[in-house]
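An overview of the molecular structure
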Amino acid sequence: MTKRTGIIAAMDSEIRNLTAALEHERTEKIAGREIHYGNLEGQPVALVLCGCGKVNAALSATLLTCHAKVSRILVTGVSGGLAEGLKVGDIVIGDSFVQHDMDARPLFPLHEIPFEGFSVIEADPDLRQLLSNAGRVMLATKRPPGLENASLLEGLVVSGDQFLSSTEARERVLESLPKASCVDMESAAVAQVCRTSDLPLGVMRVISDSADGSAHIDFAKFVEETAAKACAETVRHALRAMAR
Ligand code: ADE
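Presented here is an overview of the structure given in this document. (Residues numbered from 1 in each chain as written. Predicted model: local features only at pLDDT ≥ 70, side-chain atom pairs only at ≥ 80, totals over all residues. Heavy atoms only, no water.)

1. A closer look at the layout of surface pockets
Within this model, the largest pocket holds a volume of roughly 210 Å³. Lining the largest pocket we find 19 residues, and of these Val-78, Phe-163, Asp-184, Met-185 and Phe-219 sit closest to its centre. Taken together, the elements giving at least two residues each to the lining of the largest pocket come down to β5 (72-81), β9 (180-184) and β10 (201-209). For the lining of the largest pocket, a count of residues per class yields 10 nonpolar, four polar and five charged. Computed from the structure, the second largest pocket encloses a volume of approximately 160 Å³. (1 Å grid on protein atoms, 1.4 Å probe; cavity = no way out; pocket = protein on both sides within 12 Å on 5 of 7 lines; lining within 4 Å. Points joined across faces, edges and corners; volume = space filled by probe spheres on them. Helix = DSSP H or I, 4+ residues; strand = E, 2+ residues; numbered from the N terminus. Nonpolar A, V, L, I, M, F, W, Y, C, P; charged D, E, K, R; others polar.)

2. Comments concerning the site of the ligand
With respect to spatial proximity, the complete set of residues near the ligand consists of Val-78, Ser-79, Gly-80, Gln-162, Phe-163, Leu-164, Val-183, Asp-184, Met-185, Ser-208, Asp-209 and Ala-211. Gly-80 is positioned with one of its backbone polar atoms (N or O) 3.2 Å from a nitrogen atom of the ligand. Within the side chain of Asp-209, one N or O atom sits 2.6 Å away from a nitrogen atom of the ligand. When each cavity is represented as a set of grid points, the ligand is found to reside in the largest pocket. Among the elements that line the shell around the ligand, the one with the most residues is β5, at three residues. Taken together, the residues of the shell around the ligand sort by class into six nonpolar, four polar and two charged. (Near = heavy atom within 4 Å. Polar contact = N/O pair within 3.5 Å; in protein donor to acceptor, adjacent residues only side chain to side chain. Sits in = over half its atoms within 2 Å of the grid points.)

3. A word on the packing of aromatic side chains
By the definition in use, this model includes two aromatic pairs. Ring centres 5.0 Å apart and planes at 70° place the aromatic pair Phe-108 and Phe-115 in the edge-to-face group. Look at Phe-115 and you get exposed, because its relative accessible area is 76%. Taking 5.8 Å as the distance between ring centres and 90° as the angle between the ring planes, the aromatic pair formed by Phe-163 and Phe-219 counts as edge-to-face. Here Phe-163, found in the loop between β8 (152-159) and α4 (167-176), pairs with Phe-219, found in helix α6 (residues 219-243); they are 56 residues apart in sequence, far enough to count as distant. Here Phe-163 falls in the partly exposed class, since its relative accessible area comes to 47%. Lying over the aromatic face of Phe-118, Arg-195 brings its terminal NZ or CZ to 3.5 Å of the ring centre. (Phe/Tyr/Trp six-rings, centres within 6.5 Å; stacked < 30°, edge-to-face > 60°. Buried < 20%, exposed > 50% of the residue type's maximum accessible area, 1.4 Å probe, protein only. Lys NZ or Arg CZ within 6 Å of the ring centre and 35° of its normal.)

4. Things to note about empty space enclosed by the protein
Within the structure shown, the criterion is met by one cavity of 30 Å³ or more. Approximately 40 Å³ is the volume attributed to the largest cavity. Forming the boundary of the largest cavity are Phe-97, Val-98, Gln-99, His-111, Ile-113, Ser-119, Ile-121, Ala-188 and Gln-192. Mapped onto the lining of the largest cavity, the elements with two or more residues apiece are β6 (91-99) and α5 (187-197). If you tally residues by element for the lining of the largest cavity, the top one is β6, at three residues. A breakdown of the residues in the lining of the largest cavity according to their chemical character gives five nonpolar, four polar and no charged.

Read these as layout, nothing more, since geometry by itself doesn't imply function.
Written out as structure tokens, the structure is:
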């Protein structure tokens, strides 16, 4: 039987295009979440709108793992750009993940998950490659308006229960994690669940802001009209490539 892929996004606008394209089979409600089962690009999938933050992300990833029995998880949506030169509209494919707000010092080193012995979690190399290829195909063939100058990079995605929106907050995170490419509120939590469950994880994010409060765009409008299209197209292409 073909393996089912779990797909997670935090906001409705980030996953709506995928839900709309789903050949829907059924929806299950569990633990306050809806899991939409069906086929996308010929692949069995389970879609979940997880809500914002690490607890919501971990809850949804656990439901996909233990209840929907998915074999891999893809996370998509927007993120704040941290790496120098990253612009709104650029694409980041996660190569690794850290919780930037994990701090149990002095008992454990900064960012280390207590008693787990690690802070950095790697993406699955195959899913990372698949999403990078899919993102490049999206940029080459179906780039939505607004992403005219977008480029794609692979890098460290850091997550925490905070929407970074000031220079101070941005600098604080970069000081301890200078290699961070972008920031969101979910990916590293999903990564911890995936690592615990030995489940491959791939993350694709579109940069929506610079995480410093200088948002010169209408955030909701950008997510809805531009980023969501790039996310859906990239994920659909990745699913198509999985079938090959
Ligand atoms: N997701 C998108 N932009 C973000 C930001 N600035 N901080 C945290 N998560 C984000």
